[in-house]
Amino acid sequence: MRAAGKGRFRQRPDPVAEKFSRSVHFDRRLAHHDLEGSRAHAAVLAKAGILSRKEAAAIRKGLDRIEAEISRGKFRWKDSLEDVHMNIEAALTARIAAGAKLHTGRSRNDQVATDLRLWIRETIRGDEKAVCGLQRALLGLADRNAEVILPGYTHLQRAQPVFLAHHLLAYVEMLERDKGRLRDAARRADVLPLGSGALAGSTLGLDRNVARKFLGFREVTANSMDAVSDRDFLVEYLAAVALGGVHLSRLAEDLILFSSSEFGFLKFGEAFTTGSSLMPQKRNPDMAELVRGKSGRLTGHLVSLLTLLKGLPLTYNRDLQEDKEAVFDAADTWRSSLEVMAAAVASVQVDAGACLYAASAPELLATDVADALVRTGIPFRRAHQLVGAAVRAAEEKGTRMDRLERGDWPELNEREWREVSAVLQGVSPSARLRKALVARDAVVGAPAPGQVRFQLRRWAKILRS
Ligand code: ARG
């Protein structure tokens, strides 16, 4: 923003240029952080003797009033003032003469970098809570269905039986890593750029630590040129969020598959599904589909910002203004996806019978049979062949593996046959499956009853706080 005939310029900006470059319609989202940064800067200027105590107090009061107006929706944002920083400064100066001193030793370059770091700190705090919310929903669903056994899949082919709780806790693990990445991004963003000026600090002997303490940053940036052009912290946030979105998308995909008639393992609550305008019978998992779809946006925003940064010479370039819409949209998309997934997961009803039925095919225990042969001393590769031959024999006879007889395993001796029978025969499918899962209890991280119970308790404790 500039007035005609003042300072360097004789001409006002062309309206097309003005419209093209303005950002107030989206960067006003930083208003609260911008005001906080200005309060901190006023304290720095007061300490340097550039503002008298009276002037500093007047500025603080003016900023408070502007803040109240913004909160009440009463503040008059002006497009002609380009961005959030100019809008607030102009409003302040119109009310308080000393407002014209506030921009001493400060540039919008260190100002916007500061605002963004304050914003990301607050945003990540909220994100962490939202991630915990989804973890709790998953844990709740796992707890309510702690005994449910279903097939685990590789290549989307039934592979080995697992507890549903184990499957769900896999996502709790992923989300915990997401939280770790968010915290990590927040920690590296916790450095204050204010005081770096446009790119080279100032001649006014400003004590940056005053602002650091005021705003609660861990330290101040060590290089003014880096400070005004660095957006790595936003890249890190977008990377964490893009991967988080991928996790949500995979969860959505599992739930969509499992809720299809082909699987029939579960149903979303009606409130999280939609009907078809044409087909009266439909109950579509739209929320999960949207979460899966929106994750593409998150990946896109990460790529946008990386591309934006890659050709920039030091230091500040106006290109950087393009960072905001990407991170704001990513933050909103990520947060709402977490929230809707938490609610949708909490609404899920599991069909334990359908899960058990799918897991009961004896072929899912083929590896367990091979393990049993290994215990008799047969090398695993050989055991694999023997069991593979039995599976084939069952297929050719049109029967199931557990209905094969002694004669169908011609190469086994008595002891080996007994081991095989012990895994496959004589009990109900659910007892057989349970036994197979119990047999894994010594392996840390396996889908065994003791292991899963331990993990359920561990997560309950972690997520309680
Ligand atoms: N709206 C600008 C941005 O978001 C603020 C900084 C403008 N600085 C400048 N030298 N034009 O990047």
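The structure we're discussing is the one just above.
Below: a short report on this structure. (Residues numbered from 1 in each chain as written. Predicted model: local features only at pLDDT ≥ 70, side-chain atom pairs only at ≥ 80, totals over all residues. Heavy atoms only, no water.)

Observations regarding the nonpolar core
Grouped together as the largest cluster of nonpolar side chains are 100 residues, with contacts concentrated most on Leu134, Leu138, Tyr237, Trp334 and Trp409. Not counting chain neighbours up to four residues away, the residues in contact with Leu138 comprise Leu168, Tyr171, Val172, Leu175, Leu251 and Val345. Core analysis: the second largest hydrophobic core is formed by 28 residues, Leu35, Ala40, Leu63 and Leu192 among them. (Core = buried A, V, L, I, M, F, W, Y, C linked by side-chain atoms within 4.5 Å. Buried < 20%, exposed > 50% of the residue type's maximum accessible area, 1.4 Å probe, protein only. Contact = heavy atoms within 4.5 Å.)

With respect to the pattern of salt bridges
Evaluation of the coordinates by the stated rule reveals 34 salt bridges. Here Arg108 ties to Asp83 by a salt bridge, and the two come within 2.7 Å at their closest N and O atoms. Remark: Asp83 occurs in the loop between helix 4 (53–71) and helix 5 (84–95) and Arg108 occurs in helix 6 (residues 108–144); sequence separation between them is 25 residues. Residue class for Asp83 comes out buried when judged on its relative accessible area of 4%. (Salt bridge = Lys/Arg side-chain N within 4 Å of Asp/Glu carboxyl O. Helix = DSSP H or I, 4+ residues; strand = E, 2+ residues; numbered from the N terminus.)

What about the environment of Ala354?
Inspection of the secondary structure puts Ala354 in helix 13 (residues 352–359). By relative accessible area, which is 21% here, Ala354 ends up partly exposed. Measuring from C-alpha to C-alpha, the distance between Ala354 and Ile149 comes to 9.6 Å, with 205 residues separating the pair along the chain. Apart from residues no more than four positions distant in its own chain, Ala354 is found in contact with Gly264 and Phe265.

Notes on the side chain of Gln451
Inspection of the secondary structure puts Gln451 in helix 18 (residues 449–464). Engagement of the side chain of Gln451 in a polar contact is seen with the backbone oxygen of Asp441, the distance being 2.9 Å. (Polar contact = N/O pair within 3.5 Å; in protein donor to acceptor, adjacent residues only side chain to side chain.)

Quick notes on the site of the ligand
Near the ligand the following residues occur: Ser23, Asp27, Asp83, His85, Arg108, Asn109, Val112, Tyr316, Gln321 and Lys324. Within the side chain of Asn109, a nitrogen or oxygen atom sits 3.0 Å from a nitrogen atom of the ligand. Within the contact set of the ligand, an oxygen atom lies 2.5 Å away from a side-chain nitrogen or oxygen of Lys324. In isolation the ligand offers 340 Å² of accessible surface; the protein chains occlude 87% of this area. The dominant element in the shell around the ligand, judged by the number of residues it contributes, is helix 6, at three residues. When its residues are assigned to classes, the shell around the ligand shows two nonpolar, four polar and four charged. (Near = heavy atom within 4 Å. Areas by Shrake-Rupley, 256 points an atom, 1.4 Å probe, with all protein chains shown as cover. Nonpolar A, V, L, I, M, F, W, Y, C, P; charged D, E, K, R; others polar.)

Quick word on a nonpolar patch on the surface
A surface patch of nonpolar side chains, amounting to about 270 Å² of accessible area, comprises Leu199, Met225 and Leu314. Within the secondary structure layout, Met225 lies in helix 9 (residues 224–229). (Patch = residues over 30% accessible without salt bridge, like charges linked within 9 Å, V, L, I, M, F, W, Y side chains within 5 Å.)

Concerning the layout of surface pockets
If you add up the space inside the largest pocket, you get close to 390 Å³. Taken together, 17 residues form the lining of the largest pocket, with Ser259, Ser260, Ser261, Lys267 and Arg283 sitting closest to its centre. Breaking the lining of the largest pocket down by element, the ones donating at least two residues are helix 10 (232–259), strand 5 (266–267) and strand 6 (349–350). Grouping the amino acids of the lining of the largest pocket by side-chain chemistry returns five nonpolar, eight polar and four charged. (1 Å grid on protein atoms, 1.4 Å probe; cavity = no way out; pocket = protein on both sides within 12 Å on 5 of 7 lines; lining within 4 Å. Points joined across faces, edges and corners; volume = space filled by probe spheres on them.)

Focus on the pairing of strand 2 (residues 157–163)
Bridging between strand 1 (residues 149–154) and strand 2 involves six bridges; their strand directions are antiparallel. By the bridge assignment, Gly152 is partnered in strand 2 with Gln160. The hairpin formed by strand 1 and strand 2 contains two residues between the paired strands, and His155 there has a positive phi angle of roughly 55°. (Pairing = 2+ DSSP bridges.)

With respect to the packing of aromatic side chains
Enumeration over the complete set of coordinates arrives at eight aromatic pairs. Taken together, a centroid distance of 6.3 Å and an interplanar angle of 80° make the contact between Trp119 and Tyr237 edge-to-face. Residue Trp119 is found in helix 6, and its partner Tyr237 is found in helix 10; the two are separated by 118 residues along the sequence. Comparing Trp119 with Tyr237, the two get one shared label, buried. Within the aromatic cluster, the residues linked to one another by ring pairs are Tyr153, Phe258, Phe263 and Phe265. (Phe/Tyr/Trp six-rings, centres within 6.5 Å; stacked < 30°, edge-to-face > 60°.)

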